[in-house]
Amino acid sequence: MSGVYLDYNATAPVRPVAIEAVADALRAGGNPSSVHAAGRAARARIEAARELVADLVAATPANVIFTSGGTEANNLAISGAIAAGSRRLIVSAVEHPSVLEFARASGVAVDTLPVGADGVAEVGWLDGRLNHSEKPFVALMLANNETGVIQPVAEAAERIRAAGGWLHVDAVQAAGKLVIEFEALGADTLSISAHKLGGPQGIGALVASSRATITRRQLGGGQERGYRGGTENVSGIAGFGAAAREAGAEVAAFQAHAAWRDTATLRLAAAGAVVIGSDAPRLANTLCVSTSGWTSDLQVIALDLAGVMISAGAACSSGKVKASAVLTAMGLDSLADGVIRVSGGWASSEADWNRFADAWVEAHQRHTARRRAAAA
Ligand code: PLP
């Protein structure tokens, strides 16, 4: 990829080890359900990858169900909880649409777990609310895709476990960036997606503890222990495993990204930009920042022209820029117009963050000069 790529929270470049693993699996072929040698080799590839993905979150391989990605894993967890008797879904206000939209469309009552202005879920809100129904289901993500804010999941888990509830953790953005221990976290189910950590797109996993009853949503040949019919995406799974192994080995070193990000942030803040979620613990790689008088889309375009790829913090629908639901939940609607998200990852360097800051400061100066000239 040429230029400076700082949009890892959208998707990460695929790691060379994952590309190799995908290519190897494609070259080898074989249907993992076949009993002959090629089939057995494909099966072995899947099971080796299952161990690597399980290792990334300190889970048992038998608890890993491969899916088409984070979206499907999130959907699968919610439908499992509903089938198991949950009549009340509590979802944090900053969940990804694959949780929020699926919960809202499920026909089951949905309550919103609020977050503060710092983006952290107000876990105390759960007190007294979990006993209103049997088997309450709570979705609380580990780290937010827009702000990088890390949620107090273990704290929520204690309350949910005490109420006999089901805690689902969307760890799509956190996996490979934080140390995750599935059991210690207290989650019943947890989602991961390969393409956020340097694996291929279109493959992910739901990790489900023995406490969680997962329901079959895709019926067919009984693959993935019957939870998900359909010939497995062997090459994708192999790539996921290779990426998970490398990402897991790099988690400690990854924390160095925070210093690079923070140095860049100081230069933006000096020009009046406001950092979103700065009072909360955040992923080392993510910067969500708002600048007044300079819209997100103009910032993204200006940086793209300078060879730096970032993302707008607001979603654009039918030609209108809509405030991000995450910012609205934080009570920061007024900052939504000028929000950008900058996110590094496994191949990012300090020089990338410096180039981003140089390009942003330069473009901001040009934009401010133009605005002043227009106002004069
Ligand atoms: N959950 C979070 C927090 C995400 O950021 C994303 C992707 O943007 C997803 C779920 C969906 O993952 P996938 O793209 O693998 O379906």
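Structural data are supplied above this passage.
Student: Explain the overall build of the chain to me, please; I cannot follow it from the model alone.
Tutor: The helix and strand tally for the chain stands at 11 helices and 15 strands. Taken over C-alpha atoms, the radius of gyration comes to 21 Å for the chain, in line with the 21 Å a tight globule of 376 residues would show. Expressed along its principal axes, the backbone C-alpha trace of the chain runs to roughly 75 × 55 × 40 Å. Put simply, of all contacts in the chain between residues at least 6 apart along the chain, 69% involve residues at least 24 apart. When the accessible surface of the chain is split by element, carbon and sulfur atoms take 54% of a total near 15,400 Å².

Student: Honestly, the site of the ligand in this entry has me stumped. Any pointers?
Tutor: Neighbouring the ligand are 14 residues, the closest being T71, D170, Q173, S193 and K196. D170 is positioned with one of its side-chain polar atoms (N or O) 2.6 Å from a nitrogen atom of the ligand. K196 has a polar side-chain atom sitting 2.6 Å from an oxygen atom of the ligand. In isolation the ligand exposes 390 Å². Once the protein is present, 86% of that is buried. Among the elements that make up the shell around the ligand, the one with the highest residue count is helix α3 (residues 70-83) (three residues).

Student: I would appreciate a short explanation of helix α5 (residues 153-162) in the present structure.
Tutor: The α-helix winds at 3.6 residues per turn, so residues separated by three or four positions along the chain end up facing the same way. Of all the positions in α5, only V153, A156, A157 and I160 are classed as buried. Down the axis of α5, the smallest arc covering the buried residues is 105°, so these residues share one side. Away from its buried face, by an angle of more than 90 degrees, α5 presents the exposed residues E158 and A162. Tucked inside the fold, the buried residues of α5 contact β5 (137-139), β6 (166-170) and α6 (182-185). Of the residues trailing α5, G164 is marked for its positive phi of about 70°.

Student: Got a minute to help me understand the sheet that holds strand β10 (residues 286-290) in this structure?
Tutor: In sheet architecture, strand pairing relies on hydrogen bonds along the backbone and comes in two forms, parallel and antiparallel. The four strands are arranged β9-β10-β15-β12 in an open sheet whose pairing can be described as antiparallel. Since the sheet does not close on itself, it has two edges, and those belong to β9 (274-275) and β12 (311-312), each with one partner. Here β9 pairs with β10 via two bridges, running antiparallel. Across the sheet, the residue bridging to V274 is S290, located in β10. Its contacts with the sheet place helix α8 (residues 257-270) against β9 and β10, and it is angled at close to 10° to β10. Those strands touched by helix α9 (residues 296-305) are β12 and β15 (339-343), and its axis lies near 40° from that of β15.

Student: Would you mind going over the pairing of strand β3 (residues 88-92) with me for this structure?
Tutor: Where a strand is regular, its side chains alternate between the two sheet faces. Where burial is concerned, most of β3 is hidden: five out of the five residues are buried. Where β3 and strand β4 (residues 109-113) come together, five bridges link them in parallel fashion. Residue pairing in the sheet places V91 in a bridge with T112 of β4. At this point the chain moves from β3, through helix α4 (residues 97-105), to the parallel β4, and the crossover so formed is right-handed. Of the pairings in the sheet, the one linking β3 to β5 comprises three bridges and is parallel in character. Paired with I90 across the bridge in β5 is V138.

Student: What exactly am I supposed to notice about the packing of helix α1 (residues 16-28) against helix α7 (residues 234-254) here?
Tutor: Relative orientation and spacing of two packed helices are given, respectively, by the angle between their axes and the distance between those axes. Packing of α1 against α7 leaves a shortest axis separation of 8 Å and a crossing angle of 155°. Here α1 is positioned roughly antiparallel relative to α7, judged by the angle of their axes. With respect to the hand of their crossing, α1 and α7 are arranged in right-handed fashion. Across from V17, A18, A21, V22, A25 and L26 in α1, the residues of α7 making contact are V234, S235, A238, G239, A242, A243 and E246. Classifying every residue of the contact of α1 with α7 gives 10 nonpolar, two polar and one charged.

Student: What am I meant to see in the packing of aromatic side chains here?
Tutor: Given two aromatic rings, their pairing is described by the distance between the two centres and the angle made by the two planes. Tallied over the entire structure, the rule returns five aromatic pairs. Summarising the aromatic geometry, the rings of W294 and W360 are spaced 5.4 Å apart at their centres and angled 55° between planes, so their arrangement reads as tilted. Highlighted residues: W294 in the loop between β10 and α9 and W360 in helix α11 (residues 350-375), separated in sequence by 66 residues. Here W294 matches W360 in class, with each residue buried.

How each quantity is defined
Residues numbered from 1 in each chain as written. Predicted model: local features only at pLDDT ≥ 70, side-chain atom pairs only at ≥ 80, totals over all residues. Heavy atoms only, no water. Helix = DSSP H or I, 4+ residues; strand = E, 2+ residues; numbered from the N terminus. Rg over C-alpha atoms; globule rule 2.2 N^0.38 Å. Contact = heavy atoms within 4.5 Å. Areas by Shrake-Rupley, 256 points an atom, 1.4 Å probe, with all protein chains shown as cover. Near = heavy atom within 4 Å. Polar contact = N/O pair within 3.5 Å; in protein donor to acceptor, adjacent residues only side chain to side chain. Buried < 20%, exposed > 50% of the residue type's maximum accessible area, 1.4 Å probe, protein only. Arc of directions from axis to C-beta. Pairing = 2+ DSSP bridges. Axes fitted to C-alpha atoms, helices over the stretch in contact; angles between N-to-C directions. Right-handed = clockwise from strand over helix to strand, strands pointing away. Parallel < 35°, antiparallel > 145°, perpendicular 65-115°, else oblique. Left-handed = near helix turned anticlockwise from the far one by under 90°. Nonpolar A, V, L, I, M, F, W, Y, C, P; charged D, E, K, R; others polar. Phe/Tyr/Trp six-rings, centres within 6.5 Å; stacked < 30°, edge-to-face > 60°.

Functional significance is not addressed by these values, which are geometric in nature.
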